[in-house]
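Fold and contact review
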Amino acid sequence: MQALLLAGGLGTRLRPLTEHLPKPMAPVVNRPWLEHLIKHLQSQGLSDFVIAVKHNADIIRNHFGDGRRFGVNIAYSQEPELLGTAGAIKHAEPLLTANRFIVINADIIHHVDLLPLLEFHQSSGALVTIGLTEVEDPSQYGVVQQTSSGRILRFVEKPPRHKAPSNRINAGIYVMEKEALAWIPAGREVSIERETFPLLIRKGLPVYGCTVRGYWLDMGTHDRYLALHRDALDGKIDLQLPYPRKMEGVWIGENTNISSHAILIPPVVIGPGTKVERGAVIGPYAVLGENVTVHADSRLAHAVILPGTRLAQNRVFRHAIVGPDFLITTRPAEIPRQGVMQQ
Ligand code: GDD
Ligand code: MG
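What comes next concerns the included structure. (Residues numbered from 1 in each chain as written. Chains lettered and ligands numbered in written order. Predicted model: local features only at pLDDT ≥ 70, side-chain atom pairs only at ≥ 80, totals over all residues. Heavy atoms only, no water.)

**Brief notes about the packing of helix α3 (residues 84–91) against helix α5 (residues 192–202)**
Heads up, the rule is: Here an axis means a line fitted to C-alpha atoms, over the contact stretch when the element is a helix, while the angle between two N-to-C directions is reported on a 0 to 180 degree scale. Think of it this way: any DSSP run of H or I at least four residues long counts as a helix, any run of E at least two long counts as a strand, and we number them from the N terminus. Throughout, the term roughly parallel applies to angles under 35 degrees, roughly antiparallel to angles over 145, roughly perpendicular to angles from 65 to 115, and oblique to all others. Between two residues, a contact is recorded if the distance between any of their heavy atoms is within 4.5 Å. Under the grouping applied here, Gly and all other residues not named as nonpolar or charged are polar, the nonpolar ones being Ala, Val, Leu, Ile, Met, Phe, Trp, Tyr, Cys and Pro and the charged ones Asp, Glu, Lys and Arg.
Where α3 meets α5, the axes come as close as 7 Å, and the angle between the chain directions of the two elements is 70°. Taken together, α3 and α5 sit at an angle that is classed as roughly perpendicular. Of the residues in α5, those touching α3 at T85, A86 and I89 are I192, E193 and T196. Class assignment of the residues belonging to the contact of α3 with α5 gives a composition of 3 nonpolar, 2 polar and 1 charged.

**A closer look at the sheet that holds strand β16 (residues 257–258)**
Filter applied, for reference: At least two DSSP bridges between two strands are needed for those strands to be called paired.
Spatial strand order, β16-β19-β22-β24: 4 strands in an open sheet with parallel pairing. For this open sheet the edge positions go to β16 and β24 (310–311), each flanked by a neighbour on one side alone.

**Observations concerning the side chain of Q2**
Test applied: For every residue, the accessible area obtained with a 1.4 Å probe (protein chains only) is divided by the maximum for its type, and the residue is called buried under 20%, exposed over 50%, and partly exposed between those limits. Side-chain atoms alone can form a polar contact between residues adjacent in sequence; in general such a contact is a pair of N or O atoms within 3.5 Å, and within protein one must be able to donate a hydrogen while the other accepts it.
Positionally, Q2 belongs in strand β1 (residues 2–6). Given the relative accessible area of 8%, Q2 is considered buried. At a separation of 2.9 Å, a polar atom in the side chain of Q2 contacts the main-chain carbonyl oxygen of L95. If sequence neighbours within four positions are ignored, Q2 has contacts with D48, V50, L95, L96, T97, A98, F101 and I102.

**Description of the packing of aromatic side chains**
Definition in use: The criterion for an aromatic pair is that two Phe, Tyr or Trp rings (for Trp, the six-membered ring) have centres within 6.5 Å, with stacked assigned to planes under 30 degrees apart, edge-to-face to planes over 60 apart and tilted to the rest.
One pass over the full model with this rule turns up 5 aromatic pairs. Relative to F70, the ring of F64 has its centre 5.1 Å away and its plane inclined at 50°; by these criteria the two rings are tilted. Overall, F64 belongs to the buried group, its relative accessible area being 2%. F70 gets classed as buried once you look at its relative accessible area, which sits at 13%. Through a chain of ring-to-ring contacts, three or more aromatic side chains come together here, namely F155, Y174 and F197.

**Section: empty space enclosed by the protein**
Quick note on the threshold: In this analysis, the protein atoms alone were mapped onto a 1 Å grid. Cavities are point sets where a 1.4 Å probe fits without being able to get out; pockets are open sets with protein on both sides within 12 Å along at least five of seven lines; lining residues have an atom within 4 Å of a point. Grid points are joined across faces, edges and corners, and a volume is the space filled by probe spheres set on the points. Domain segmentation is taken from an automatic or database assignment of domains.
Tallying each qualifying case throughout the model produces 2 cavities of 30 Å³ or more. When its volume is computed, the largest cavity comes out at roughly 70 Å³. L226, H229, R230, Y285 and H302 are the residues nearest the centre of the largest cavity, which is lined by 11 residues in total. Among the elements of the structure, α6 (222–233) and β23 (299–305) are those that each provide at least two residues to the lining of the largest cavity. In terms of residue class, the lining of the largest cavity is made up of 8 nonpolar, 2 polar and 1 charged. Taken together, domain 1 (2–233) and domain 2 (246–341) each give at least three residues to the lining of the largest cavity, which thus spans both. Roughly 30 Å³ of internal volume is contained in the second largest cavity. Together, P27, N30, V287, V304, I305, L306 and P307 line the second largest cavity. Broken down by class, the residue content of the lining of the second largest cavity amounts to 6 nonpolar, 1 polar and no charged.

The following block contains the structure:
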């Protein structure tokens, strides 16, 4: 089955991290998220992808090419202008070869088992089945109201918290029949959440929701981005860490230069070519990208350091995302325990 990955959004809330990067290419434990995502989907038997791109599209194309290097097949749907989530799907129509396909918001971090969703879609006879998850505060998401059989009666995008009809939200994973595309006008911006889903529901067409199991998180804000790294290092999401494990909770790439007078407190990931000087204290929950330099006596914990960053001497970086030309700090209290693990 083909999967269409929506990867063209602006990612404004993650700036400056996404200033020059499409959000799904943001590094997650030193690998672009989209690479983790494609690997995960591949492990579920998917090998045929269409990526809907717009902003910084070349970064995605150059990284994945036709997908062969990753053992998959990738085609690109390039939008001339931002067409919105439904507009992007409509624009990809010529590349969708079968009558049924999966659509995924590529910025969602998940390890979801798709089989139950596909089976539910098949047995309910839905035109669209929306994968759902539950969160404490649904106001940043698409929220649904359902019947006991799972049929969706209402879909409201980002309602004020007190008006949300439930805590069940759109997880950004859909199974769609190609016929649904007839309801999306071509050549203009269309939001699937604000326009298409409400229209299909109003027309009485079978739109269903099915709760998906497994880790789920929208990484779209700084605090969630850090929460995601914490969860990944805790093993709550099963990502293939990019380097060998040197000891319990410590992964180190090649050609690093780590002073024997530095202290590593697991969990810690250190990218290739990175230098850690004497007196530095790294961890817990520190992810250092490629070719980072941590000068003497600096300390970092709950931090993600992007490739090529040099951290000044004798400084403290906690609850921080640091790039070569930016420093973002979040207060620990803001980091939500939001990764949802449903068994
Ligand atoms: N190709 C393309 N073109 N992709 C787009 C466009 C577009 O015009 N607009 C958005 N996208 C992509 C984004 O790159 C992202 O991967 C995905 O579509 C969703 O867009 P976001 O901007 O991240 O939406 P959101 O996080 O506010 O809300 C969406 O995701 C929630 C789950 O995290 C909605 O689908 C909500 O209903 C949902 O709950
Ligand atoms: Mg998002």
